[in-house]
Structures are given as C-alpha cells and as structure tokens.
Amino acid sequence: MRIDILTLFPEMFRATLGESIIGRAREKGILDIHLVNIRDYAQNKHKQVDDYPYGGGAGMVMQPQPIFSALEAMEAQGCKIIYMSPKGKTFHQGMAVELAKEERLIFLCGHYEGVDQRVIDYWVTDEISIGDYVLTGGELPAMVVIDAVARMLPGVLGQAESFMDESFYSGLLEYPQYTRPSEFRGLKVPDVLLSGNHKLIEQWRKEEALRITMKNRPDLIIKYMEKKDLSKEERKIIEALEKDCIAK
Ligand SMILES: C[S@@+](CC[C@H](N)C(=O)[O-])C[C@H]1O[C@@H](n2cnc3c(N)ncnc32)[C@H](O)[C@@H]1O
C-alpha cells in the first residue's frame, strides 16, 4: 500500500513510522510512505500557509492554494483522500479493515483552526476523527489511523500475532493475557491457562472477553448480540454475567 501524508510537520512522523512493526513493514516493501510538506507548495514569498478566517473569530485557517498545489502535484485524483478532523466520522476497527483494502491512501493533516472548507469540498473523500476531543494538529490522528490500517495489511503481523482475537475484531474486547512466570510475587496465572486443555481455555477466554466487554463497553455487547446469532454457550455466559451485575 502507498500512503502519502500532507503535513506542515513531516518530522513528527519519522520516528513513529520508522520503528517496530510499521518500520519493518516499510523495509519489507509492504508499506510505502511519502511525506509531503505542504509549505513547500506555498507560492507566496514568505511561504505562508495560513490566514485569518473570513467573518472573524479566533485562530488561523490553512489556505487552499498550497494544499491544492500539493494534491495536484501528486496526481491524487481517484484516491481516497482522508482529512483528519474532529468533525469527521469516529474511527473504529471496521474502518481500518476497509481502508486496508485500498492501494493508496492520502492523509491531510490540519493545523490551527483547520483547512479552508473548499479543500474539503473539492478533494476530501473521507473525514475521520479519532475521538471526541480536539488536538492541536492532524499528525497524531493520522499516525493512529495509519498504524491501525497498516497492521491489517497481509504480511505486516507475523503468524504469531494474529489480529482475529484482538479487541474489536470479533466485536468484543480481548480476554486477559498472561506470560511467564506462572506466579509472580504471589500473583498467579489462572489455572485453566496452565491446564493444556484447549477447549477449556477457549471457553475461559470467551467468558472473560464477554465479561470485560460487558463491564467496560456495554454498547459493544448490545451490538454483538444484534449482529450475531449467539451460541447457546454465549447466551448462557451473558445471562450469568447479567445476573452477576444485578446482584452487585
Ligand atoms: C485545533 S484542530 C481544529 C479544530 C476545529 N477548529 C474544530 O473545532 O473542529 C487542528 C487540526 O487538528 C486535527 N485534529 C484535532 N482533533 C482531531 C481529532 N479528534 N481527530 C482527528 N483530527 C483532529 C485536524 O486536522 C484539525 O484540522
């Protein structure tokens, strides 16, 4: 997959997208990331990229000219162009799975009060928010989305790092994880995980996934129940957890 990132602060990306799993994906050629400094395309003498908002109000707005010129130079027509914005649709795992199917993604990172609306109307195909809060720029949000998308690309995660069991993929949060030693400062790993009985381990994990989802994200449980034909086993676990909740 090719990813182009339009930003005023390309340096912010170098460490994050050069290390660990994403760094290895780039080395393997699975991910090809291009950083584009919007300021390089400003046509005025001082390379200014922002100006006061029409109608007054606080802050500055990113001007259309440098962004239009940058997008024209990269032949962006026909690609998904994603503007990171608190006004966008809230990002979730399903969106990461869908975006990972694209051959090329272009990310536009805003700053100040954001970009001139004409950029959005003319170029942007998707506006994505990473949550209901306002950050200073679109760089961190773009890194969040790129990281989540990149791990969905075939070959990025090793075989031992499957995302199938991870939080959100199946609609639930993931069960608790433990590693060696089996006892640490008197704190023990649940016996079932040491039993070698795969059926019991599977059951325990499902129960724990349902339990933690019910506790922390009841909204997800409702969606899970709507979307899926629950097995008898799952229904029993949910009923027991509900009784437990009521009793508490
Ligand atoms: C200070 S914000 C602008 C906020 C804008 N004036 C508003 O009220 O909606 C500057 C830039 O940060 C990015 N940004 C801030 N919060 C974000 C979020 N929750 N998700 C995605 N991008 C965000 C966007 O690119 C935005 O253009």
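Computed from a prediction, not measured in an experiment: that's the story for all the values here.

**Examining the packing of helix H8 (residues 198-216) against helix H9 (residues 218-227)**
Each packed pair of helices is defined by two parameters, the angle between the axes and the distance between the axes.
Logical step 1: Between H8 and H9, the least distance of the axes is 5 Å, while the angle of their chain directions is 125°. By the angle between their axes, H8 is oblique relative to H9. Contacts between H8 and H9 involve Lys 206, Leu 210, Thr 213, Met 214, Lys 215 and Asn 216 from the former and Pro 218, Leu 220, Ile 221 and Tyr 224 from the latter.
Logical step 2: Partitioned by chemical class, the residues of the contact of H8 with H9 number six nonpolar, two polar and two charged.

**Focus on the environment of Glu 11**
Logical step 1: Among the structural elements, Glu 11 can be located in helix H1 (residues 11-16).
Logical step 2: Residues Glu 11 and Leu 35, 24 residues apart in the sequence, show an inter-C-alpha distance of 9.0 Å.

**Observations regarding the UniProt feature "binding site: S-adenosyl-L-methionine" (unreviewed entry) in the protein chain**
Logical step 1: The feature "binding site: S-adenosyl-L-methionine" (unreviewed entry), as given by UniProt, occupies Gly 110, Ile 130, Gly 131, Asp 132, Tyr 133, Val 134 and Leu 135 in the numbering adopted here.
Logical step 2: Summarising the element assignment, Val 134 is placed in the loop between strand E7 (126-129) and helix H6 (139-150).
Logical step 3: Along the chain, Leu 135 turns up in the loop between E7 and H6.
Logical step 4: Assessed through its relative accessible area of 37%, Leu 135 is described here as partly exposed.
Logical step 5: Ignoring anything within four residues of it in the chain, the contact list for Leu 135 reads Ile 130 and Pro 141.

The rules behind the values
Residue indices begin from 1 for each chain and proceed along its sequence in written order. Only residues with pLDDT of at least 70 are given local features in this predicted model, and only at 80 or more are side-chain atom pairs given and counted; all residues enter the totals for whole chains, interfaces and linings. By convention in this description, side-chain values take in all heavy atoms of the structure and omit both hydrogens and water. Lines fitted to C-alpha atoms define the axes, with helix axes restricted to the stretch in contact, and inter-axis angles between N-to-C directions lie between 0 and 180 degrees. Helix and strand assignments come from DSSP, with helices taken as H or I runs of at least 4 residues and strands as E runs of at least 2, each series counted from the N terminus. Any angle that is under 35 degrees is reported as roughly parallel, and any over 145 degrees as roughly antiparallel; angles of 65 to 115 degrees are reported as roughly perpendicular and all others as oblique. By definition in these notes, contact holds between two residues if any of their heavy atoms fall within 4.5 Å. Throughout this entry, Asp, Glu, Lys and Arg are counted as charged residues, while Ala, Val, Leu, Ile, Met, Phe, Trp, Tyr, Cys and Pro are counted as nonpolar. The remaining residues, Gly among them, count as polar. UniProt positions are given in the numbering used here, feature names are shortened, and annotations may be inferred rather than shown by experiment. Type-normalised accessible area, obtained with a 1.4 Å probe on protein chains alone, sets the label of each residue: buried when under 20%, exposed when over 50%, and partly exposed for intermediate values.

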